[in-house]
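Chain residues, written in single-letter form:
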Amino acid sequence: MLELSVCIGSSCHLKGSYNIIQLFQQMIEENGLHDKIDFKANFCMKECQGDGVAVSINGTAHHLQPEKAREFFKETIMPILN
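Model, not experiment: these values are computed from the prediction. Every chain begins its residue count from 1, and numbering advances along the sequence as written. In keeping with the predicted nature of the model, local features appear solely for residues at pLDDT of at least 70, side-chain atom pairs appear and are counted solely at 80 or more, and the whole-chain, interface and lining totals rest on all residues. Each side-chain value is derived from all of the structure's non-hydrogen atoms; neither hydrogens nor water enter the calculation.

K.L.:
Got a minute to help me understand helix α3 (residues 69–81) in this structure?
P.N.:
Two residues of an α-helix separated by three or four positions point the same way, owing to the 3.6 residues in each turn. Strands are runs of DSSP state E lasting at least two residues, helices are runs of H or I lasting at least four, and both sets are numbered from the N terminus onward. Multiplying 1.5 Å by the helix residue count minus one yields the expected span of that helix. Taking 1.5 Å as the rise per residue, α3 with 13 residues should run 18 Å; its terminal C-alpha atoms sit 17 Å apart, in good agreement. Each residue's exposure class comes from its accessible area (1.4 Å probe, protein chains only) as a fraction of the maximum for that residue type: buried when under 20%, exposed when over 50%, partly exposed otherwise. Those residues of α3 that sit buried are Ala69, Phe72, Phe73, Ile77, Met78 and Leu81. A contact between two residues is defined here by any heavy atoms of the two lying within 4.5 Å. Taken together, the buried residues of α3 touch β1 (2–7), α2 (17–30), β2 (37–42), β3 (53–57) and β4 (60–64).

Below you can see the structure in the form of structure tokens.
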């Protein structure tokens, strides 16, 4: 099972973590991935210096701009599941 986390600490919240969470939830629902992704929010991932919201895939941190979230899901997360 893929572990997907989005930081909701103060810095990431201000950078748009709420929008990323909403989009990821929508993508998981649309693609029927509830049984393949363990999706959660983490308070602080200690990645505040990054350019964008901290997103973790199986423990590996990525930094993501909200406007790139759909593309990131399709190009980074979906291939891991296939």
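K.L.:
Teacher, can you tell me more about the nonpolar core here?
P.N.:
Most often, soluble globular proteins have nonpolar side chains that are buried together. Leu4, Phe24, Ile37, Phe73 and Ile77 are the most contacted members of the largest nonpolar core, which totals 25 residues. For this core, the elements supplying multiple residues, two or more each, are β1, α2, β3 and α3. Discounting chain neighbours no more than four positions away, the residues touching Ile37 are Met1, Leu2, Leu4, Ile28, Phe73, Ile77 and Leu81. By convention a nonpolar core is built from buried Ala, Val, Leu, Ile, Met, Phe, Trp, Tyr and Cys residues, the set being connected through side-chain atoms within 4.5 Å.

K.L.:
Would you explain unusual backbone geometry in this entry?
P.N.:
With glycine set apart, most residues show a phi of negative sign, and most peptide bonds adopt trans. The backbone of Lys46 sits at a positive phi, close to 60 degrees, despite the residue not being glycine. Relative to the helices and strands, Lys46 is located in the loop between β2 and β3. Assessed through its relative accessible area of 67%, Lys46 is described here as exposed. A positive phi is found at Asn58, a non-glycine position, where the angle reads about 50 degrees. Along the chain, Asn58 falls in the loop between β3 and β4.

K.L.:
Looking at this model, I keep getting lost on the environment of Val6. Mind explaining?
P.N.:
For Val6, the position within the fold is in strand β1. Contacts of Val6, omitting those with residues within four sequence positions, involve Ser17, Ile20, Ile21, Phe24, Phe39, Lys40, Ala41, Asn42, Met45, Val53, Ala54 and Val55.

K.L.:
Can you walk me through the side chain of Ser17 in this structure?
P.N.:
Inspection of the secondary structure puts Ser17 in helix α2. Among the residues examined, Ser17 registers a relative accessible area of 1% and is labelled buried. When near neighbours in sequence (up to four residues on either side) are disregarded, Ser17 contacts Val6, Cys7, Ile8, Cys12 and Val53.

K.L.:
Could you clarify how one ought to interpret the pattern of salt bridges in this entry?
P.N.:
Side chains carrying opposite charge are able to pair once their charged atoms draw close together. Salt bridges, as used here, are contacts in which a Lys or Arg side-chain nitrogen is within 4 Å of a carboxyl oxygen on Asp or Glu. One pass over the full model with this rule turns up one salt bridge. Here Lys40 makes a salt bridge to Asp38, at a shortest N to O gap of 3.6 Å. The exposure class assigned to Lys40 is partly exposed, which follows from its relative accessible area of 37%. Taking the relative accessible area as the measure of exposure, Asp38 reaches 30% and is therefore partly exposed.

K.L.:
How should the packing of aromatic side chains be read in this particular structure?
P.N.:
Each aromatic ring pair is described using two quantities: the centre-to-centre distance and the angle formed by the ring planes. Only Phe, Tyr and Trp rings are paired, with Trp represented by its six-membered ring, and only when their centres lie within 6.5 Å; those with planes under 30 degrees apart are stacked, over 60 edge-to-face, the remainder tilted. Using the criterion set out here, one finds three aromatic pairs in the structure. Their ring planes at 65 degrees and their centres at 6.0 Å tell us that Phe24 and Phe39 sit as a pair that is edge-to-face. Highlighted residues: Phe24 in helix α2 and Phe39 in strand β2, separated in sequence by 15 residues. Aromatic pair Phe24 and Phe72: ring centres 6.5 Å apart, planes at 20 degrees, arrangement stacked. One end of the pair, Phe24, is in helix α2; the other, Phe72, is in helix α3, and 48 residues separate them in sequence. Note on accessibility: Phe24 and Phe72 belong to one class, buried.

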